[in-house]
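# Summary of structural features
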Amino acid sequence: MPGVQPLADDGTLTAYAVPQVRSDLLPIALLDDWGQLERGPLGKVRWVSGAGATLAVVNASGQARQVQLTMQTQAFNKERTLRLWQGERLLGNAAVKPELQTVSLALSLAPGVSELKLDSPEPPISPQDLDPTSPDQRQLT
């Protein structure tokens, strides 16, 4: 690793110090049902379709953890309800406006990987539904 001094190097193994990280941050992966990354006036965004979107959160500790899932959200066209699910269990919900806002949901995560789903009970709408001249037919929430 250029520019980093190893703690030990015996020719077979080189060891480096692992930087300390905040223990209150957990790794999150967006699964395949998220919209493509877009850049717009509000920065980088990913839209959620009418089917919802899934994320995997890793709790690497050996015990359940109480955490806050905090994200920047914006509803498409009108206010909607954002729901957070783990399997068939509803973990929480929040009202999301068309303006950019921060939403936080408290949850308990078991050790290991938890798949969480975000969705909205309100029906999706496409940009083309609002403007027939738009070529964008994505069903967005």
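With that settled, the discussion passes to the overall build of the protein. Scanning the protein from N- to C-terminus turns up one helix and eleven strands. Traced from its N-terminal end to its C-terminal end, the protein shows the element sequence β-β-β-β-β-β-β-β-β-β-β-α. In terms of overall dimensions, the protein has C-alpha extents of about 70 × 35 × 25 Å along its principal axes. Buried positions account for 28% of the 141 residues belonging to the protein.

Now for the sheet that holds strand S6 (residues 53–59). Within the open sheet, the five strands sit side by side as S3-S6-S11-S8-S9. Their pairing is antiparallel. The open sheet is flanked by strand S3 (28–30) and strand S9 (89–96), the only strands paired with a single partner. The sheet shows a mean angle of 25 degrees between the axes of neighbouring strands, direction not considered. Strand direction decides the pairing type here: strand S8 (residues 80–86) and S9, joined by seven bridges, are antiparallel. Looking at S9, one finds that Arg80 is bridged to Val96.

Turning to the nonpolar core, a few remarks are in order. If you look at the biggest cluster of nonpolar residues, it comprises 21 residues, and the most contacted ones within it are Leu84, Leu107, Leu109, Leu116 and Leu118. Secondary structure elements with two or more residues in this core: S6, strand S7 (65–73), S8, S9, strand S10 (101–109) and strand S11 (112–119). With four residues, S10 is the single largest residue contributor to this core. Excluding its chain neighbours within four sequence positions, the residues that come into contact with Leu107 are Arg65, Gln66, Val67, Leu69, Leu84, Leu91 and Leu116.

Taken as a whole, this structure holds one aromatic pair when the rule is applied. Ring centres 5.6 Å apart and planes at 85 degrees place the aromatic pair Trp47 and Phe76 in the edge-to-face group. Of the two residues, Trp47 is situated in the loop between strand S5 (43–45) and S6 and Phe76 in the loop between S7 and S8; the sequence distance between them amounts to 29 residues. Across the pair, exposure class does not vary: Trp47 and Phe76 are buried alike.

A separate point is the side chain of Asp119. Looking at the secondary structure, you find Asp119 in strand S11. Only 3.1 Å separates the side chain of Asp119 from the side chain of Trp85, close enough to count as a polar contact. Each residue touching Asp119, except ones within four places of it in the same chain, is listed here: Gly52, Thr81, Leu82, Arg83 and Trp85.

We now examine unusual backbone geometry. Positive phi values are uncommon outside glycine, yet Asn77 reaches one of about 75 degrees. As for its position among the elements, Asn77 is in the loop between S7 and S8.

Below, the discussion takes up the environment of Leu55. Tracing the backbone through its elements, the reader meets Leu55 in strand S6. Classification of Leu55 as buried rests on a relative accessible area of 4%. Residues in contact with Leu55, not counting those within four places in the same chain, are Ile28, Ala29, Leu30, Leu31, Trp34, Ser114, Glu115, Leu116 and Leu118.

Close approach of charged atoms allows side chains of opposite charge to pair. Going through the model one piece at a time under the given rule, you end up with four salt bridges. Of the charged contacts in the structure, one is a salt bridge between Lys117 and Asp33, with a shortest N-O distance of 3.9 Å. Of the two residues, Lys117 is situated in strand S11 and Asp33 in the loop between S3 and strand S4 (38–40); the sequence distance between them amounts to 84 residues. Salt-bridge contacts for Arg83 lead to Asp119; the nearest nitrogen and oxygen are separated by 2.9 Å. Here Arg83 is found in strand S8, whereas its partner Asp119 is found in strand S11, with 36 residues between them in sequence.

Rules and cut-offs
- Residues numbered from 1 in each chain as written.
- Predicted model: local features only at pLDDT ≥ 70, side-chain atom pairs only at ≥ 80, totals over all residues.
- Heavy atoms only, no water.
- Helix = DSSP H or I, 4+ residues; strand = E, 2+ residues; numbered from the N terminus.
- Buried < 20%, exposed > 50% of the residue type's maximum accessible area, 1.4 Å probe, protein only.
- Pairing = 2+ DSSP bridges.
- Axes fitted to C-alpha atoms, helices over the stretch in contact; angles between N-to-C directions.
- Core = buried A, V, L, I, M, F, W, Y, C linked by side-chain atoms within 4.5 Å.
- Contact = heavy atoms within 4.5 Å.
- Phe/Tyr/Trp six-rings, centres within 6.5 Å; stacked < 30°, edge-to-face > 60°.
- Polar contact = N/O pair within 3.5 Å; in protein donor to acceptor, adjacent residues only side chain to side chain.
- Salt bridge = Lys/Arg side-chain N within 4 Å of Asp/Glu carboxyl O.

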